[in-house]
Amino acid sequence: MKIRLASLFVLAVILHAAPGLSEPQLVRSMKIGKFPQRTVEKFQSADYAPQAAANGVRTLAACADKVYAGTDKGVSVWDSGAWSQISDPQSALASGVTALACNGGLAIGTNTGAFLYSEKSLARIEGAAVPVTALDANGNKLAIGTTSGLYLATGATAQRVLSLEKKHINDVAFDPDGALWIGLDTALAMIPSQDAKPVYFIKDEHGNGPIHANVRSLYIDAAGMLWMGTPAGLSRFDRKSRWDHINGKNNGLPYEDILAVSGRGVIAEVKKNPKFQPYEVTGANPGGPNQLWVGTSIGAALYDGYEWHYFQGPQYLHDDRVHALASAPDGTAWLGTPAGLSHVVYKMMTLEEKADFFTRYTQEQHNRYGLFSGCHLAREADPDSCLPTTSDNDGLWTAMYAAAECYRYGATKDPEAKRRARQALESIMFLETVNEIPGFVSRSFAKPDEPHCDGEWDHITSDGKWRWKGDTSSDEIDGHMYVYSVYYDVCADEQEKKEIREKTGLIMSYIVDHDFYLLDTDGKPTTWGKWNPEVFKTDGPFLKGLNSLEILSYLMTAEHITGDPKFSEAYRYLVKEHGYAKNTVMQKLSHLQIWNHSDDELAFLAYYPLMKYEKRPFLLDYYNRSLERSWQIERTENNPLFNFIYGAVMPGAFDVEQSVWMLQRIPLTGIRFPHRNSHRADIVVDQSKGRFNEQQSVDMLPMDERTLHIWNENPFRMDGREQSAFTQQPGTWFLLPYWMGRYYGFIVEQE
């Protein structure tokens, strides 16, 4: 992110010291239990209308324990977890279903008439004009909106009560007093009783009336409040004198072009509340008894009494146009689009149960010779078609996964966690062995005949069994030193400590003996394996802060693990003769105002062992200032990994609540679905662009509302780069911060 970092630092400090802002509290540990986890199941016509070959869903109704979906071919019924179709032997519904309403049975509106369905029988309502555009029931009364007027039916006969010319009835709704409200394309109307004249409401200069004249959808909640969906947002009327208008800027409504409104229970008010609060703090439950749903021309949104939750893109919808809604009595919701149907269920689960999900699919789908990185999906959005592939930084990603399992073992003593950590560790160590150059670390390895990613893959082992990737970067060394530190301190038995000592000694001797360069097979430094002081004077002045931090962390880790004085001597040399400790203070500011999220991850992985092992106050003063500066800048990302690394090596309270919020809002998938948010009405757009010229928001969005990113990517990016869903990430990005939080007691799971 292009920003004035000095200004951001001052702002961060001010926010940090201002508890009156009602922001999340600073704590050091948090007890958490089950929370509502977003899940969505999508259905296409092959699911809900396989014989009718219907297109999308036009209208929905949730009646008792059944959900009805009206299509261009008929009505489908969701009952006890399965779909069926309403029998229509005379093809009465084949003209296309346009409206549904619950009336003890089901009222059905079509392009050719209105019908009553009960006990598997279908009866036509006589007397109503066609086509039907809206329905609502109140006891034995049925309001029928048509293109030529409004009708009321009692039983199987309808009478016209209102003629309309040049006005279109979008929706109708009875209130608890029996009055009938009519959403027109030109106004809101109300008929107090069957023989009364309609009263019209249009917004006046005092704000009384709907926010827009085109009232597309009506919903009356359990408190009798009337909600109206319009092209300019929501309006709420207490049916007496008070009007409230809800939009993006003032109330956080994600998108204002509303097509449908539904809900259950009571929403007292819609307002912007402090962000980044976990469910334990807000007390909200998106799957609970009080919900307000809106369907829009770009996605759907749910207000749970505290905040909005946005659903957009193929992760949740077959089409972004959500023109039908049904909030069911069981707390779930149904979203109808021109291309299919989505069922939203918030499942109560613990973070540990969520971790089990990520562990299971990571092991089943991403384990490639003990290395763990992304995979290509042979079938779009289908995790069962995952084909593990090589990547630039298989060593780093595997190291982070091994550390996660190691922390799990440390927190639970689960032998299966130790086994998984050991398997990953063996593959990490093999990255040093496979190239047959003692101390050099390969980026990745594969069988000679296997496909691989781009890069330097022209290396085959002497036995012909493996191909390995060179031009290794500092990312890999970061990963190796980080996981060797974690495994050595948390997981290792004596034999494993011996193995880690050997590998650590070989790698760091290779770097120290070559004047703090990582030499490739041609005897020249790799592109990013440079920590020599001369680099900072010539071709790498902007690497000084980060690379100083990295090499000091590597040397301190090697000294801790091996006890070899050559590493402490090299450490002292770089600190005393070249000011490397002082260099670290400004490491976050050495990138010319470009927020490099990949380097941020490398920095925090390097902070962890360095500050665990360094005990000298005069050096810790540099490192404390460096980490504090970096963390203050990073705080807006609410990154649980960075926060927990900070908490592990720094005293006092920190952003545990925000970290739990992030972990809760991570979706139950590793697939990188396309998402876009730049159209949203609730977002303040950052006037500067990101590192790759991407548009950014000032405040980050929840992970379940944007394209999934791991911790080395830009969380402020509004629109994902992906145009399809053919990539899946392993669950490491969730597992590492979660199990680190458990190990250090930042997260305490409760039954």
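All values reported here derive from a predicted model rather than from experimental measurement.

About the thresholds
- Residues numbered from 1 in each chain as written.
- Predicted model: local features only at pLDDT ≥ 70, side-chain atom pairs only at ≥ 80, totals over all residues.
- Heavy atoms only, no water.
- Helix = DSSP H or I, 4+ residues; strand = E, 2+ residues; numbered from the N terminus.
- Rg over C-alpha atoms; globule rule 2.2 N^0.38 Å.
- Buried < 20%, exposed > 50% of the residue type's maximum accessible area, 1.4 Å probe, protein only.
- Contact = heavy atoms within 4.5 Å.
- Areas by Shrake-Rupley, 256 points an atom, 1.4 Å probe, with all protein chains shown as cover.
- Axes fitted to C-alpha atoms, helices over the stretch in contact; angles between N-to-C directions.
- Parallel < 35°, antiparallel > 145°, perpendicular 65-115°, else oblique.
- Left-handed = near helix turned anticlockwise from the far one by under 90°.
- Nonpolar A, V, L, I, M, F, W, Y, C, P; charged D, E, K, R; others polar.
- Salt bridge = Lys/Arg side-chain N within 4 Å of Asp/Glu carboxyl O.
- Pairing = 2+ DSSP bridges.
- Core = buried A, V, L, I, M, F, W, Y, C linked by side-chain atoms within 4.5 Å.
- Polar contact = N/O pair within 3.5 Å; in protein donor to acceptor, adjacent residues only side chain to side chain.
- Disulfide = S-S within 2.5 Å.
- Phe/Tyr/Trp six-rings, centres within 6.5 Å; stacked < 30°, edge-to-face > 60°.
- Lys NZ or Arg CZ within 6 Å of the ring centre and 35° of its normal.

1. Re the overall build of the chain
Link 1 in the chain: The helix and strand inventory of the chain stands at 18 helices and 42 strands.
Link 2 in the chain: For the chain, whose C-alpha radius of gyration is 30 Å, the value lies close to the compact-globule estimate of 27 Å for 751 residues.
Link 3 in the chain: With the C-alpha coordinates aligned to their principal axes, the bounding extent of the chain is approximately 95 × 55 × 45 Å.
Link 4 in the chain: A buried classification covers 61% of the 751 residues belonging to the chain.
Link 5 in the chain: In the chain, 61% of the contacts between residues at least 6 apart in sequence involve partners at least 24 apart.
Link 6 in the chain: In the form shown here, the chain has an accessible surface area of approximately 28800 Å², with 49% of it arising from carbon and sulfur atoms.

2. Let's talk about the packing of helix α11 (residues 544-562) against helix α14 (residues 597-613)
Between two packed helices, what matters for the description is the angle formed by their axes and the separation of those axes.
Link 1 in the chain: At their nearest, the axes of α11 and α14 sit 8 Å apart, and the two run at 40° to each other. Regarding the angle of α11 to α14, the classification is oblique. Classified by chirality, the crossing of α14 by α11 is left-handed. The segment α11 lies against α14, with Leu546, Leu549, Glu550, Leu552, Ser553, Met556, Thr557 and His560 engaging Asp599, Leu602, Ala603, Ala606, Tyr607, Pro609, Leu610 and Tyr613.
Link 2 in the chain: Of the residues belonging to the contact of α11 with α14, the class tally is eleven nonpolar, three polar and two charged.

3. With respect to the pattern of salt bridges
Link 1 in the chain: On inspection of all chains with the given rule, the structure shows 40 salt bridges.
Link 2 in the chain: Of the charged contacts, one joins Lys537 and Glu534 as a salt bridge, the two residues approaching to 3.4 Å between their closest N and O atoms. Here Lys537 pairs with Glu534, and both are found in helix α10 (residues 533-537), just three residues apart, close to one helical turn.
Link 3 in the chain: Among the ionic pairs, Glu713 bridges to Arg672, the shortest N-O distance being 2.7 Å. Here Arg672 lies in the loop between α17 (656-665) and β39 (685-686) and Glu713 lies in the loop between β40 (696-697) and β41 (727-728), a separation of 41 residues in the sequence. Arg672 carries the same exposure label as Glu713, and that label is buried.

4. Comments concerning the pairing of strand β28 (residues 333-337)
Within a regular beta strand, the side chains point alternately toward one face of the sheet and then the other, so they alternate between its two faces.
Link 1 in the chain: Along β28, five of the five residues are buried, which leaves the element largely enclosed by surrounding structure.
Link 2 in the chain: Burial along β28 is two-sided: the face carrying Ala333, Leu335 and Thr337 and the face carrying Trp334 and Gly336 are both buried.
Link 3 in the chain: Here strand β27 (residues 324-327) runs beside β28; their pairing, made up of four bridges, is antiparallel. Of the residues in β28, the one forming a bridge with Ser327 is Ala333.
Link 4 in the chain: Linking β27 to β28, which pair antiparallel, is a turn of five residues; within it Gly331 sits at a positive phi near 90°.
Link 5 in the chain: Between β28 and strand β29 (residues 340-349), which pair antiparallel in sequence order, lie two residues.

5. Let's talk about the side chain of Thr359
Link 1 in the chain: With respect to the element layout, Thr359 can be found in helix α5 (residues 351-365).
Link 2 in the chain: When neighbours within four sequence positions are excluded, Thr359 is seen to be in contact with Tyr401, Glu405, Arg408, Arg420 and Leu735.

6. Concerning the environment of Val97
Link 1 in the chain: One can find Val97 in strand β7 (residues 97-102).
Link 2 in the chain: Overall, the relative accessible area of 0% leaves Val97 in the buried class.
Link 3 in the chain: It is 71 Å that separates the C-alpha atoms of Val97 and Ile561, two residues lying 464 residues apart in sequence.

7. Section: the sheet that holds strand β22 (residues 243-246)
Link 1 in the chain: The four strands lie next to each other as β19-β20-β21-β22, forming an open sheet whose pairing is antiparallel. Unpaired on one side and paired on the other, β19 (217-220) and β22 mark the two borders of the sheet. Recorded for the sheet is a direction-independent mean angle of 20° between the axes of neighbouring strands.
Link 2 in the chain: Of the strand pairs in this sheet, strand β21 (residues 233-237) and β22 are connected by four bridges, and their pairing is antiparallel.

8. Notes on the sheet that holds strand β34 (residues 444-446)
Link 1 in the chain: What the three strands build is an open sheet, ordered β34-β36-β35; its pairing is antiparallel. With one partner strand each, in any of the chains shown, β34 and β35 (459-460) form the two edges of the open sheet.
Link 2 in the chain: Across three bridges, the pairing between β34 and strand β36 (residues 467-469) is antiparallel. Across the sheet, Phe445 pairs through a bridge with Trp468, a residue of β36.

9. Here we look at the nonpolar core
Link 1 in the chain: Membership of the largest hydrophobic core comes to 121 residues, with the highest contact counts inside it found for Tyr484, Ile551 and Leu555.
Link 2 in the chain: The dominant element in this core, judged by the number of residues it contributes, is helix α6 (residues 394-412), at eleven residues.
Link 3 in the chain: In contact with Ile551, not counting residues within four places along its chain, are Met508, Ile511, Phe516, Trp531, Leu574 and Tyr580.

10. Concerning the environment of Thr557
Link 1 in the chain: You can see Thr557 is positioned in helix α11.
Link 2 in the chain: On the accessibility criterion, Thr557 (0% relative accessible area) is buried.
Link 3 in the chain: Counting along the chain gives 53 residues from Thr557 to Leu610, while the straight-line C-alpha distance between them is 6.8 Å.
Link 4 in the chain: Of the polar contacts made by the side chain of Thr557, one reaches the backbone oxygen of Ser553; its length is 2.8 Å.

11. So, the state of the cysteines
Link 1 in the chain: All chains considered together, the criterion is met by three disulfides.
Link 2 in the chain: The disulfide bridge from Cys63 ends at Cys102, spanning 1.9 Å between sulfur atoms. Residues Cys63 and Cys102 are joined through a disulfide that is left-handed, its torsion about the S-S bond being -85°. Taken together, the residues span a long stretch of sequence, with Cys63 in strand β3 (residues 57-63) and Cys102 in strand β7 at a distance of 39 residues.
Link 3 in the chain: On the accessibility criterion, Cys63 (10% relative accessible area) is buried.
Link 4 in the chain: For Cys102, a relative accessible area of 33% puts it in the partly exposed group.
Link 5 in the chain: Note that Cys406 is cross-linked by a disulfide to Cys491, the S-S spacing being 2.0 Å. Note that Cys406 is positioned in helix α6 and Cys491 in helix α8 (residues 474-491), a separation of 85 residues in sequence.

12. Quick look at the side chain of Thr669
Link 1 in the chain: Inspection of the secondary structure assignment puts Thr669 in the loop between α17 and β39.
Link 2 in the chain: With relative accessibility at 13%, the residue Thr669 sits in the buried group.
Link 3 in the chain: Polar contacts involving the side chain of Thr669 include one to the main-chain amide nitrogen of Ile671, which spans 3.0 Å.
Link 4 in the chain: The contacts of Thr669, once residues within four sequence positions are left out, are Gln315, Phe357, Phe358, Tyr361, Leu708 and Trp733.

13. Let's talk about unusual backbone geometry
Link 1 in the chain: Following Val130, the chain continues into Pro131 via a peptide bond in cis, with omega recorded as -5°.
Link 2 in the chain: Mapped onto the secondary structure, Pro131 falls in the loop between β10 (121-125) and β11 (132-138).
Link 3 in the chain: Phi is positive for Ala381, close to 65°, though the residue is something other than glycine.

14. Remarks on the pairing of strand β15 (residues 169-174)
Link 1 in the chain: Of all six residues in β15, five are buried, a share of seventy percent or more.
Link 2 in the chain: Here five bridges tie β15 to strand β16 (residues 180-184), and the two strands are oriented antiparallel to one another. Considered in β16, the bridge of Val172 is made with Ile182.
Link 3 in the chain: The antiparallel hairpin formed by β15 and β16 contains five residues in its connecting segment, where Gly178 sits at a positive phi of about 90°.

15. Focus: the packing of aromatic side chains
Link 1 in the chain: Evaluated as defined, the whole model comprises 48 aromatic pairs.
Link 2 in the chain: Aromatic pair Trp293 and Phe311: ring centres 5.3 Å apart, planes at 40°, arrangement tilted. Highlighted residues: Trp293 in strand β24 (residues 291-296) and Phe311 in strand β26 (residues 308-311), separated in sequence by 18 residues.
Link 3 in the chain: Residue classification places Trp293 among the buried residues on the basis of a relative accessible area of 2%.
Link 4 in the chain: Taken together, the ring pairs connect Tyr407, Tyr482, Tyr608, Trp631, Phe644, Tyr646, Phe654, Tyr743, Tyr744 and Phe746 into an aromatic cluster.
Link 5 in the chain: We note Lys447 situated over the ring of Trp466; from NZ or CZ to the ring centre the distance is 4.2 Å.
Link 6 in the chain: It is Lys497 that lies over the ring of Tyr488; its NZ or CZ is 5.2 Å from the centre.

No statement about biological role is implied by the geometric values presented.
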